[in-house]
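For reference, the chains in residue letters:
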Amino acid sequence: IIKALGPRLGIDPDAVLATRVPMDATATLMARYAEAGEDRDYAVLDGVAVVPVQGTLLKKESSLSSWSGASSYEQIQRQVARAVDDASVRAILLDVDSPGGETSGCFELADYIYSIRGVKPVYAAANDIALSAAYAIASSASRVFVTRTGAVGSIGVYALHVDQSAFDKDLGAKYTFIFAGEKKVDGNPHEPLSESAKGDIQAEVDREYGIFVETVARNRKASAKTIAGTQAGLFWADNAIPLLADQVGTLDDAMAAITGQLDSRKRASVVTSAATAAIPIE
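Quick notes on the rules
Residues numbered from 1 in each chain as written. Predicted model: local features only at pLDDT ≥ 70, side-chain atom pairs only at ≥ 80, totals over all residues. Heavy atoms only, no water. Core = buried A, V, L, I, M, F, W, Y, C linked by side-chain atoms within 4.5 Å. Buried < 20%, exposed > 50% of the residue type's maximum accessible area, 1.4 Å probe, protein only. Helix = DSSP H or I, 4+ residues; strand = E, 2+ residues; numbered from the N terminus. Salt bridge = Lys/Arg side-chain N within 4 Å of Asp/Glu carboxyl O. Arc of directions from axis to C-beta. Contact = heavy atoms within 4.5 Å. Pairing = 2+ DSSP bridges.

Draft legend 1. Looking closely at the nonpolar core. Among the nonpolar cores identified, the biggest contains 44 residues, and L57, V80, I92, L94, I137 and V152 are the most heavily contacted of them. Those elements that provide at least two residues to this core are β2 (48-54), α5 (73-85), β5 (91-98), α6 (106-115), β6 (122-131), α7 (133-138), β7 (143-146) and α9 (195-220). The next biggest cluster of nonpolar side chains, apart from the first, holds 13 residues, and it includes V50, L93, A254 and L262.

The structure is reproduced here in structure tokens:
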């Protein structure tokens with residue numbers, strides 16, 4: 001956008017795009033991993049791969065959606081899978097800041113992340129929000145952090161129908177559908193939603209809601225009844241603990257915790273190896 005409109009507005013696009021905020025000793029983790037480098041599409045800090053889960057979440061990736069700040073489930077799963085196979089990566093940290101997105105592809109990604117928790121530690125940080133589909137993904141991590149002004153939850157599903165028939169009438173436009181198959185044009189925006197169509201849509205919303213609830217219940221080791229009892233509400237900071245989050249903290253805190261876990265494992269391994277070596281062979 002800057003490249004296209006800058007010259008017309010008297011703005012030098014190259015000067016704007018070349019601007020960088022100086023980095024000093026107080027630089028945050030976000031600034032430190034701003035550029036992944038090498039051939040990776042994720043950053044690695046102290047052996048931890050930081051994978052962003054940000055913006056509106058869609059199943060498929062495209063240049064337009066990425067320029068708009070959206071992320072795709074395909075992209076996130078590819079990054080996580082590469083981090084799993086990356087020998088230099090000891091753990092994975094999901095940097096989540098998203099209001100959610102579409103259901104298609106969401107639960108498959110959540111299942112995948114859950115399945116690799118035993119291969120490499122996976123933490124998630126709501127930095128600052130992990131809501132709806134974003135929470136389905138975050139909850140798949142072994143440990144979930146949320147900032148003190150952040151929120152998690154919104155465990156629910158909705159579909160939206162727009163009835164623009166009154167607008168069409170005011171516009172002087174009349175739409176006539178010629179179709180075969182009784183339900184072919186159910187839910188179209190040019191007619192009021194029929195009870196039959198509403199019932200079908202509600203049934204699918206309920207079905208996908210059931211998948212969502214069961215997924216989070218498994219991830220958080222809670223009952224489906226307890227998760228459904230959140231009524232798709234948002235839980236801020238401390239209020240999310242212990243059901244939907246484990247600790248209030250920043251992305252840096254999550255990084256410190258996961259590297260601390262890795263260091264503890266390493267020390268325990270060294271002690272075990274030393275003890276084993278001290279056992280005499282008779």
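Draft legend 2. Spotlight on the pattern of salt bridges. All chains considered together, the criterion is met by seven salt bridges. In this structure, the salt-bridge partner of D41 is R82, at a minimum N-O distance of 3.3 Å. Placement of D41 in the loop between α3 (29-32) and β1 (43-45) and of R82 in helix α5 is noted, with a sequence separation of 41 residues between them. Note on R82: relative accessible area 42%, which makes it partly exposed.

Draft legend 3. Looking closely at α6. Turning to α6, its buried residues are C106, F107, L109, A110 and I113. Looking down the long axis of α6, one finds its buried residues gathered within 155 degrees of arc, a one-sided arrangement. Each element contacted by the buried residues of α6 is listed here: α5, β5, β6, α7 and α9.

Draft legend 4. Structural detail: the pairing of β5. Across the eight residues of β5, seven count as buried, placing the element largely inside the fold. Where β2 and β5 come together, seven bridges link them in parallel fashion. In the strand pairing of β5, P52 is matched with D95. Relative to β6, β5 runs parallel, the two being bridged by six bridges. Bridge assignment links I92 to a residue of β6, and that residue is V122.

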